[in-house]
Amino acid sequence: MAFKSLGPAPAASPTPAWVVVSYDKTGRANAMTAAWGGIVNSNPPSVAVAVQPIRYSYENIIERRAFTVCIPSEKFAKETDYFGLASGKDEDKIAKAGLTAGRAEKVNAPYIKEFPMYLECKLTDRMNLGSHFVLIGQIVDVKADEEILDHKDSIEIQKLKPIVYSPTDRSYYGVGDEIGKAFSIGKEIKDEKE
Ligand SMILES: Cc1cc2nc3c(=O)[nH]c(=O)nc-3n(C[C@H](O)[C@H](O)[C@H](O)COP(=O)(O)O)c2cc1C
């Protein structure tokens, strides 16, 4: 391999393509796309999403101390991109996209009914990193469409069909085939005799 330096860049690829949904001051549901995010704690289960303070969603999330992370499936790639192009300051994005919002059960935030799963999050912390604030959300409940669950209630990624985002070429992708079981396929090496 011949490594080339590309300089400092937010270039870990892929990232999720999530839709963060919150209520504005008037109680209208608003959605924004977020690629800077991930799971950051197991107990209590927590998620981090990095949101620029100039986003309409930012103040809304701070005010309600709640948001949902809605996970779009591939067929909603266009809507997901649109949620990242327009601002809820100017238009009712969810309605314009032809989607509908429901009220989350356990937090003061809406979710998108057409997406196959979402995380109900309570804002617990925030940290200023420069361009973005990292918002930490404690996941108080996970909702998943029964259609994407196996018989053990595990989410089947092939049915969820999440979108992943590649920040280096600014494109969306689907996920591929399973390549192995975690905490398992590595045992072949771990158990090898020296
Ligand atoms: C693929 C993609 C990923 C994005 N990721 C983020 C992100 O992680 N954080 C952020 O603050 N904005 C991100 N944006 C931009 C916001 O989604 C965009 O500014 C949006 O208009 C904000 O909506 P709002 O003003 O209604 O809150 C992303 C946009 C796209 C298209």
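Residues numbered from 1 in each chain as written. Predicted model: local features only at pLDDT ≥ 70, side-chain atom pairs only at ≥ 80, totals over all residues.

In terms of burial, strand S3 (residues 29-34) is largely enclosed, as six of its six residues are buried. Across the two faces of S3 the burial is the same, with Ala29, Ala31 and Thr33 and Asn30, Met32 and Ala34 all buried. Two strands pair when backbone bridges link them, and strand S2 (residues 18-23) and S3 are joined in this way by six bridges, in the antiparallel orientation. The partner of tyrosine 23 across the bridge, within S3, is alanine 29. Counting the residues between successive antiparallel strands, the hairpin from S2 to S3 contains five residues, one of them, glycine 27, with a positive phi of roughly 90 degrees. (Buried ≥ 20, exposed ≤ 12 C-beta atoms within 10 Å, placed from the backbone. Helix = DSSP H or I, 4+ residues; strand = E, 2+ residues; numbered from the N terminus. Pairing = 2+ DSSP bridges.)

Alternating positions in strand S5 (residues 46-51) separate cleanly, Val47, Val49 and Val51 being buried on one face and Ser46, Ala48 and Ala50 remaining unburied on the opposite face. Here strand S4 (residues 37-41) pairs with S5 via four bridges, running antiparallel. Residue pairing in the sheet places isoleucine 39 in a bridge with valine 47 of S5. In sequence, S4 turns back onto S5 through a hairpin of four residues. Bridge count for S5 against strand S10 (residues 133-144) is six bridges, and the pairing is antiparallel. By the bridge assignment, alanine 50 is partnered in S10 with valine 134.

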